[in-house]
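# Reading the structure
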Amino acid sequence: MKLDLLQQHIDTMGQTHQSMIDETIIYVKKMLAHDNTGHDWWHIHRVWQTAVYIARKEKANLLIVQLAALLHDIADWKFNDGDDKASARVAQKWLESIGLEKEIIIHICDIINTVTFKGAGVQSQMKTIEGKIVQDADRLDALGAIGIARAFTYGGYKSMSMHDPNLEPQFHASFEEYKKHKGTTINHFYEKLLLLKDLMNTSTGKKLAETRHQFTQNYLYQFFLEWNIISEDA
Ligand code: ADP
Ligand code: NI
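Residues numbered from 1 in each chain as written. Chains lettered and ligands numbered in written order. Predicted model: local features only at pLDDT ≥ 70, side-chain atom pairs only at ≥ 80, totals over all residues. Heavy atoms only, no water.

## Looking at unusual backbone geometry
Note the following rule: Relative accessibility decides the category of a residue: with a 1.4 Å probe and only protein chains considered, values under 20% of the type maximum give buried, values over 50% give exposed, and everything between is partly exposed. Strands here mean DSSP runs of E at least two residues long; helices mean DSSP runs of H or I at least four residues long; both are numbered from the N terminus.
A positive phi is found at Lys59, a non-glycine position, where the angle reads about 55°. Note on Lys59: relative accessible area 72%, which makes it exposed. Within the chain, Ser159 stands out as a residue other than glycine whose phi angle is a positive 50°. Here Ser159 is to be found in the loop between helix H7 (144-157) and helix H8 (175-180). Relative accessible area serves as the criterion here: at 59%, Ser159 is assigned to the exposed category.

## Section: the pattern of salt bridges
Rules: We define a salt bridge as a contact between a side-chain nitrogen of Lys or Arg and a carboxyl oxygen of Asp or Glu at a distance within 4 Å.
Within this structure, the stated rule accounts for six salt bridges. For Asp141, the salt bridge identified is with Arg46, shortest N-O distance 2.7 Å. Taken together, the residues Asp141 in the loop between helix H6 (129-140) and H7 and Arg46 in helix H2 (residues 41-58) connect sequence positions 95 residues apart. Note on Asp141: relative accessible area 4%, which makes it buried. Ionic contacts of the salt-bridge type, sharing partners, join the residues Arg46, Asp141 and Arg150 into one network.

## Let's talk about helix H5 (residues 102-114)
Basically, it comes down to this: A helix is expected to span 1.5 Å multiplied by its residue count minus one.
Over its 13 residues, H5 extends 19 Å from the first C-alpha to the last, a length consistent with the 18 Å expected when each residue adds 1.5 Å. For H5, the set of buried residues is Ile104, Ile105, His107, Ile108, Cys109, Ile111, Ile112 and Thr114.

## Focus on H6
Quick reminder: α-helices carry 3.6 residues per turn. Residues three or four places apart thus point the same way. Selection rule: Contacts are assigned to residue pairs with any non-hydrogen atoms lying within 4.5 Å of each other.
Spanning twelve residues, H6 covers 16 Å between terminal C-alpha atoms, matching the ideal 16 Å at 1.5 Å per step. Within H6 the residues assigned to the buried category are Glu130, Gly131, Ile133, Val134, Gln135, Asp136, Ala137, Asp138, Arg139 and Leu140. Those residues of H6 that are buried lie in contact with H2, helix H3 (62-71), H5 and helix H10 (203-227).

## Side note on the nonpolar core
Quick note on the threshold: Remark: nonpolar core denotes a set of buried residues (Ala, Val, Leu, Ile, Met, Phe, Trp, Tyr, Cys) joined through side-chain atoms within 4.5 Å.
If you look at the biggest cluster of nonpolar residues, it comprises 58 residues, and the most contacted ones within it are Val28, Leu70, Leu71, Leu95, Leu100 and Ile108. Once residues lying within four places of it in the same chain are set aside, the contact partners of Leu100 are His17, Met20, Leu63, Leu67, Leu95, Ile105 and Ile108.

Just distances and angles here, no functional claims.
In structure tokens:
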């Protein structure tokens, strides 16, 4: 009898958690509906789906992975006066409002606070497997064909030059430096995108990053061939 009750409780929590994920999807879609900076709903959708894929392979907690992935860019620092705690604050309020257990909220907000890339010389070490997975999924979306498209979308939004041969890529030793810097989109490839492959946390993430990294490198090769007007069949 006791076991039946326990099972019932677990089933009810499972259903409640699923409906929390469903409500969160609707909330995030609404919040990010008008974003045109590369942080739109479809970025969240891809990160969420990739995170679920990795979490199944790595046997992580799917509730935590999904909610953290869905909420990780809900109020990005780049569009909130450099406030890198804004997303976690908004996420915390939302998760409290839907009645999620406190210790799960703390875990999710900790992931959201740490997940962002903060410069080549700054560590963003994730503490748990769920955090490692969300970070890998987010970083994978900055690589490959989609990552390249997002970088130019962001560069256009910020009125950055596509490329300037007189400007060198910068090594950012602190988050403050990274935040302040306004370089070119091509330099961003060297300041962030090409570094991501070696920063992957999980073996599934590493595998996925390999092809996207290669594609990103091939893209740069072609870019500079064209820039320098070297014949492609030379
Ligand atoms: P994420 O959403 O993966 O955490 P970011 O918030 O750092 O990534 O950036 C969003 C997108 O904009 C990413 O694809 C990233 O590479 C790109 N981006 C960020 N900063 C720059 C920049 N200075 N120049 C060009 N693209 C950038
Ligand atoms: Ni993101």
